[in-house]
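Reading the structure
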Amino acid sequence: MRLAELSERSGVAIATIKYYLREGLLPPGRRVSATTADYGEGHLRRLRLVRAMIQVGQVPVARVREVLAHVDDESLGRTMRLGAALWALPHEPEQADGKGEGGEDGDGEDEATTAARAEVDQLLRTLGWSTARGLGELSPVHRSLVAAVATLTRLGYPWDAALMAPYARLMHQVAVRDLDFVETFPSEAEKVETAVAATILFQPVLKALHRLAQEEESARRYGLE
């Protein structure tokens, strides 16, 4: 397809597509003349992924480029390729401000963070999640979880491994469904692209479903008055 058709099918303005091409977020089309290039379904799929990251995920262009570099790295196996791409996405703040009330004094982490790290480690032991435990602090997701648990502890809501375990097991079921969906796509590139897009696009859906479920359970338990 020509650029105009790519724009029409993707819903992305021609000027924006040209910007993505200049920034390396979209691979160049197959040159058919000095002024014309041809684009395929892969370009359409990549455009949707880029728009998901930028519009929904609010991911900066430089970070999008980094994620896409991992998506396209065929030297990696699927697990490493997918993991690298997802790690490159922005995460919740990994470092909470521990200074002040109940916080650290600047000479190392505070007690809440130390306790949170121990509870997360115990959680991973309990679940048998050996990969996550082995990666530990190398993983930005692990660091984010430790920071979140530490913040809850400082606010008087200590979440220990026993409290987190049932939630973690439910999220594992979600992960199984996520990867079952990813497996429906034929190529390695499509699988990784879909996993990245799903991480961004499905999280608002999961958050909304969680809140709807809370509303429904509250009404069942306490009535509508």
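Here goes a summary of the coordinates provided. Residue numbering note: each chain is counted from 1, following its sequence as written. pLDDT decides what is reported in this predicted model: residues at 70 or higher carry local features, side-chain atom pairs at 80 or more are listed and counted, and totals for whole chains, interfaces and linings draw on all residues regardless. Each side-chain value is worked out from all heavy atoms of the structure, with water and hydrogens disregarded.

1. Topic: the packing of helix α9 (residues 161-182) against helix α10 (residues 188-222)
A fitted line through C-alpha atoms represents every axis, and for helices the fit uses only the stretch in contact; the resulting angles, taken between N-to-C directions, go from 0 to 180 degrees. Secondary structure elements follow DSSP: runs of H or I no shorter than four residues count as helices, runs of E no shorter than two count as strands, and numbering proceeds from the N terminus. Remark: α9 packs on α10, axes separated minimally by 10 Å, with the N-to-C direction vectors making an angle of 140°. As far as their axial angle goes, α10 and α9 are oblique. Crossing geometry of α9 relative to α10 is assigned as right-handed. For the pair α9 and α10, contact is made by Val-174, Asp-178, Phe-181 and Val-182 and by Lys-191, Thr-194, Ala-195, Phe-202 and Leu-206, respectively. In this classification, the charged set is Asp, Glu, Lys and Arg, the nonpolar set is Ala, Val, Leu, Ile, Met, Phe, Trp, Tyr, Cys and Pro, and all remaining amino acids, among them Gly, are polar. When the residues that make up the contact of α9 with α10 are grouped by side-chain class, the tally is six nonpolar, one polar and two charged. Each angle gets one of four labels, with under 35 degrees taken as roughly parallel, over 145 as roughly antiparallel, 65 to 115 as roughly perpendicular, and the rest as oblique. In this scheme the crossing of two helices becomes right-handed for a clockwise turn of the near helix relative to the far one and left-handed for an anticlockwise turn of less than a right angle. Any two residues whose heavy atoms approach within 4.5 Å at even a single point are treated as in contact.

2. Points about the side chain of Thr-113
By secondary structure assignment, the location of Thr-113 is in helix α6 (residues 111-127). Every residue in contact with Thr-113, bar those within four places of it in the chain, is listed here: Val-146, Ala-150 and Arg-154.

3. Here we look at a nonpolar patch on the surface
Residues Val-56, Met-171, Phe-181, Leu-201, Phe-202, Val-205, Leu-206, Leu-209 and Leu-212 make up a contiguous nonpolar surface patch of about 770 Å² in total accessible area. Elements that contribute at least two residues to the nonpolar patch include exactly α9 and α10. Broken down by element, the residue count for the nonpolar patch peaks at six residues, all from α10. Relative to the assigned elements, Leu-201 resides in helix α10. Nonpolar side chains (Val, Leu, Ile, Met, Phe, Trp, Tyr) are joined into patches within 5 Å and like charges within 9 Å, using only residues with over 30% relative accessible area and no salt bridge. Here the open area of atoms and residues is found with the Shrake-Rupley method and a 1.4 Å probe, where only the protein chains shown may cover a residue. Basic side-chain nitrogens of Lys or Arg form a salt bridge, by our definition, when they fall within 4 Å of a carboxyl oxygen of Asp or Glu.

4. Details of the nonpolar core
Generally speaking, soluble globular proteins have nonpolar side chains that are buried together. Within this scheme, the nonpolar core is defined by two criteria: the residues are buried Ala, Val, Leu, Ile, Met, Phe, Trp, Tyr or Cys, and they are joined through side-chain atoms within 4.5 Å. Type-normalised accessible area, obtained with a 1.4 Å probe on protein chains alone, sets the label of each residue: buried when under 20%, exposed when over 50%, and partly exposed for intermediate values. Core analysis: the biggest nonpolar cluster contains 27 residues, and Leu-6, Met-53, Val-67 and Val-196 have the highest contact counts within it. For this core, the secondary structure elements donating two or more residues are α1 (3-10), α2 (14-22), α3 (41-56), α4 (61-71), α5 (78-88) and α10. Ignoring any residue separated from it by four or fewer positions in sequence, one finds Leu-6 in contact with Met-1, Ile-17, Tyr-39, His-43, Leu-44 and Leu-47. Among the nonpolar cores identified, the runner-up in size contains 13 residues, and Val-149, Ala-161, Met-164 and Ala-165 belong to it.

5. Observations regarding the packing of aromatic side chains
Only the six-membered ring of Trp is used, alongside the rings of Phe and Tyr, when aromatic pairs are assigned; centres must lie within 6.5 Å, and planes under 30 degrees apart are stacked while those over 60 apart are edge-to-face, with the rest tilted. Considering all chains together, one arrives at four aromatic pairs under this definition. Consider the rings of Trp-159 and Tyr-167, whose centres lie 5.3 Å apart with planes at 50°: the pair is tilted. In this structure Trp-159 comes out as partly exposed when scored by relative accessible area, which is 29%. With a centroid separation of 6.1 Å and 45° between ring planes, the pair formed by Phe-181 and Phe-202 is classed as tilted. Placement of the pair is Phe-181 in helix α9 and Phe-202 in helix α10, with a sequence separation of 21 residues. When its relative accessible area of 37% is taken as the criterion, Phe-181 is described as partly exposed. Counting every residue linked through ring pairs, the aromatic cluster contains Phe-181, Phe-185 and Phe-202.

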